[in-house]
Amino acid sequence: MSYRTSVRGLFDALASSRTVTGEIEAADVDLGGQVFHFEGPISFEVTLTNAGTGIVAQGTATANVVTPCSRCLCDARLTVEAEIDGFYVLPGHDADLPEEQEAELIAEDHSIDLEPAILADVVVELPFAPLHDEACKGICPVCGKDRNLEPCACGQEAPASPFAALQGLKMEEDDEA
Ligand SMILES: [Zn+2]
Ligand SMILES: [Zn+2]
């Protein structure tokens, strides 16, 4: 899948920009066994700007996803908002960039593909331990009852999510960045 748009007109002048709105169909995303299904396309609005060294794409994207609640396994429906940040350079112009600057290449026909950046930025926003409701009581680990539907007498707290450890890892990565 791709979402190609031309940036030819942006080369005329530094700081010239153009806003692109559109929709992208996305396949299911599996994050360590947690499968997120997109309900409808990802919608986005991105402004493309000639930054001299390349074309910057900045904007927002919104996606509606459904995924099993990490506590009770019922369908959790979530709206995900993502900040889009992409950078595109002409072939041969990526040598002068700082090493940490990630860039995609502008095609020979002066088009760029917005899909990879939008999809990546949306996936980053998918939660590690999605809940169908912040107050979800989960399934009792002792008797197996869905405690949202009927209370049980086992007196156990909601089980720790298997993703709790991953969430810790994610935060450490963010600290390093
Ligand atoms: Zn739940
Ligand atoms: Zn129970």
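Details of the structure are given in the entry above.
As the structure is a prediction and not an experimental result, all values here were calculated from the model. (Residues numbered from 1 in each chain as written. Chains lettered and ligands numbered in written order. Predicted model: local features only at pLDDT ≥ 70, side-chain atom pairs only at ≥ 80, totals over all residues.)

Engineer: Honestly, the environment of Arg147 in this entry has me stumped. Any pointers?
Structural biologist: Assignment of secondary structure puts Arg147 in the loop between helix H1 (115-124) and helix H2 (164-176). Each C-alpha atom, one on Arg147 and one on Lys137, is 5.5 Å from the other, the two residues being ten residues apart in sequence. Excluding residues within four positions of it along the chain, Arg147 makes contact with Lys137, Gly138, Ile139, Cys140 and Cys152. (Helix = DSSP H or I, 4+ residues; strand = E, 2+ residues; numbered from the N terminus. Contact = placed C-beta atoms within 7 Å.)

Engineer: Would you take a moment to explain the environment of Thr49 for this structure?
Structural biologist: Counting through the fold element by element, Thr49 comes out in strand E5 (residues 42-50). Between the C-alpha atom of Thr49 and that of Ala15, which follows or precedes it by 34 residues, the distance is 5.7 Å. Contact partners of Thr49, with chain neighbours within four places excluded, come to Ala15, Ser17, Ile55 and Val56.

Engineer: Which parts of the structure should I look at to understand the environment of Thr62?
Structural biologist: Positionally, Thr62 belongs in strand E6 (residues 55-68). Taking C-alpha positions, Thr62 is 8.9 Å from Pro41, a pair spaced 21 residues apart along the chain. The contact partners of Thr62, leaving out residues within four places of it in the chain, are Ser43, Thr79 and Glu81.

Engineer: Where do I start with unusual backbone geometry in this structure?
Structural biologist: Most peptide bonds take the trans configuration, and most residues that are not glycine carry a negative phi. Positive phi outside glycine occurs at Leu73, with the angle close to 70°. Structurally, Leu73 can be placed in the loop between E6 and strand E7 (75-89). Phi at His110 takes a positive value of approximately 60°, unusual for a residue other than glycine. Note on placement: His110 falls in the loop between strand E8 (104-105) and strand E9 (111-113). Given 14 C-beta atoms within 10 Å, His110 falls into the partly exposed group. (Buried ≥ 20, exposed ≤ 12 C-beta atoms within 10 Å, placed from the backbone.)

Engineer: For this particular structure, what's the right way to read the pairing of strand E4 (residues 34-38)?
Structural biologist: Walk down a regular strand and you will see the side chains alternate between the two sheet faces. Of the pairings in the sheet, the one linking strand E3 (residues 29-31) to E4 comprises three bridges and is antiparallel in character. Bridge assignment links Val29 to a residue of E4, and that residue is Phe36. Counting the residues that bridge the hairpin from E3 to E4 gives two residues, and of these Gly32 lies at a positive phi of roughly 55°. Two strands pair when backbone bridges link them, and E4 and E6 are joined in this way by two bridges, in the antiparallel orientation. Each residue of the ladder has a partner; that of Phe38, found in E6, is Val65. (Pairing = 2+ DSSP bridges.)

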